[in-house]
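A look at the structure
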Amino acid sequence: MQIPFVDLQAQYQALKTELDAAVLRVMGQCNFILGKEVADFEQAFAEYVGAPYAVGVASGLDALKLALEALGIGSGDEVIVPAHTFIASALAVSAVGARPVLVDVDEASFNLDPALIEAAITPRTKAIMPVHLYGQPADLSPLLDIAQRHGLRVVEDASQAHGARYQGRRVGGFGDAGCFSFYPGKNLGAYGDAGGLVTNDAGLAERVRYLRNYGQEVKYKHVVKGYNLRLDTMQAAILSVKLRHLDDWNARRAAHAAAYTHALEGVGDLRLPRVVTGDHVFHLYVIRTKHRDALQAHLTERGVATVIHYPVPIHLQAAYADLGYRRGSFPVTERLADEILSLPIYAELTAEQQAHVINAVKSFFA
Ligand SMILES: *Cc1c(COP(=O)(O)O)cnc(C)c1O
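Below or above, wherever it landed, is the structure these notes cover. (Residues numbered from 1 in each chain as written. Predicted model: local features only at pLDDT ≥ 70, side-chain atom pairs only at ≥ 80, totals over all residues. Heavy atoms only, no water.)

1. A short note on the environment of K36
The line we're drawing: Only runs of H or I of at least four residues qualify as helices and only runs of E of at least two qualify as strands under DSSP, and these elements are numbered from the N terminus. For this analysis, a polar contact is any N or O atom pair within 3.5 Å, provided that within protein one partner can donate a hydrogen and the other can accept it, and provided that sequence-adjacent residues contribute only side-chain to side-chain pairs.
Examined against the element boundaries, K36 turns out to sit in helix 2 (residues 36-49). In this structure, the C-alpha to C-alpha distance between K36 and A237, residues 201 residues apart in sequence, is 9.1 Å. Among the polar contacts listed, one links the side chain of K36 to the side chain of D40, at a separation of 2.7 Å.

What follows is the structure in structure tokens.
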């Protein structure tokens, strides 16, 4: 039995009729750039998150980058970013010419540790970027407090947490902007690159709309120097179909996570993910063990695909040697990089497939 890490085919087959019709409709209309489907998806997604404005852009990285730029963050500024995240969170800060200042994460939640944030604030700090990693909301309440006291902006990286709730409200709507990736493997994924941001700030939404479309207010009237970073109409049509299924998929992911936790509790030295800050949408189910590499090899032999998110922390990447961090700078992040392993999780994972994964993990520790 082969268990893939994600199974995009299973989802396509389940929604084939709806998705094919949406794509064919866009092709029939030939309204490929900023067609009606883009505005329709933006409205549906804003309503879903519970924020008044959503703007579709070309990718998650672009959503983060445009949010920072529209907030006026740039050269000479610093933005606080968790040390344990996908590198795109930091790259967005670098892309606007600012400096990512890394802060270690909390071991229980894998998210930015609010107790460590204030020590990282300097006169140049302009914003904090919490990441809702693996689908679990970052602990926003103390973080928003700190931001308010120091006059900092908050840009949420919700690229792994579509639909996750913190204190009853969906993430993305708490900060000045909430940024999402619709990369195909995300909880809400397009059929190519896509992204978007939500905000409560009409002015910010307008600036991002200009920036994504050559800085145009209307055709050939350029009010700022912009880019071509629009959400594709075809992708928007696909995302609108899929958005209707997101809550159901997230519920199934949570059920699979609960089944993993129930079956693997107390097995070997495993440390299982804890739901500590809100409704976790389990983009990833990440376990920890001191025997990670051997366990991964054992699972590969038994047909179970696993991934390490992420094996080399940002501060130890060649691309970020210029930040001047070294091994030992972020002990929790470094420990996690050595011990974490993501098991297959997706809505369509069957009970039989999951039993195979569980048995394979158990047989390693037997
Ligand atoms: C996927 C992801 C991004 C980047 O999204 P893209 O659409 O691939 O540009 C940013 N941050 C996090 C945490 C992600 O998981």
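2. Quick look at the site of the ligand
So the rule is basically this: The criterion for a residue being near a molecule or strand is simple. One of its heavy atoms has to lie within 4 Å of it. Where accessible areas are quoted, they stem from the Shrake-Rupley method and a 1.4 Å probe; at the residue level, only the protein chains shown are allowed to cover. Definitions used for this entry: grid spacing 1 Å over protein atoms alone; cavity, a set of points where a 1.4 Å probe fits but cannot get out; pocket, an open set with protein on both sides within 12 Å along at least 5 of 7 lines; lining residue, one with an atom within 4 Å of a point. More than half of a molecule's atoms within 2 Å of the grid points is what it takes for that molecule to sit in a cavity or pocket. Polarity classes work like this: nonpolar for Ala, Val, Leu, Ile, Met, Phe, Trp, Tyr, Cys and Pro, charged for Asp, Glu, Lys and Arg, and polar for all others, with Gly in that last group.
If you check the shell around the ligand, you find 14 residues, and the closest are G60, D157, Q160, S181 and K186. Within the backbone of G60, one N or O atom sits 2.8 Å away from an oxygen atom of the ligand. When isolated, the ligand has an accessible area of 380 Å², and the protein chains bury 91% of it. The site holding the ligand turns out to be the largest pocket. Elements represented by at least two residues in the shell around the ligand include exactly helix 3 (60-70) and helix 4 (88-95). Split by residue class, the shell around the ligand holds five nonpolar, seven polar and two charged.

3. With respect to the packing of aromatic side chains
Using the following cut-off: Classification of ring pairs uses Phe, Tyr and Trp, with its six-membered ring standing for Trp, and accepts pairs whose centres are within 6.5 Å; under 30 degrees between planes counts as stacked, over 60 as edge-to-face, and the remaining range as tilted. Each residue is placed in one exposure class: buried if its accessible area under a 1.4 Å probe, protein chains only, is under 20% of its type's maximum, exposed if it is over 50%, and partly exposed if it falls in between.
This model, assessed by the stated rule, comprises 13 aromatic pairs. On the numbers, 6.3 Å between centres and 20° between planes, the contact of F45 with Y48 is stacked. Remark: Y48 and F45 occur in helix 2; sequence separation between them is three residues, near one turn of the helix. Among the residues examined, F45 registers a relative accessible area of 2% and is labelled buried. By relative accessible area, Y48 is classed as buried at 14%. When the centroid spacing of 4.9 Å and the interplanar angle of 85° are considered together, the rings of F364 and F365 count as edge-to-face. The class for F364 is partly exposed, based on a relative accessible area of 22%.

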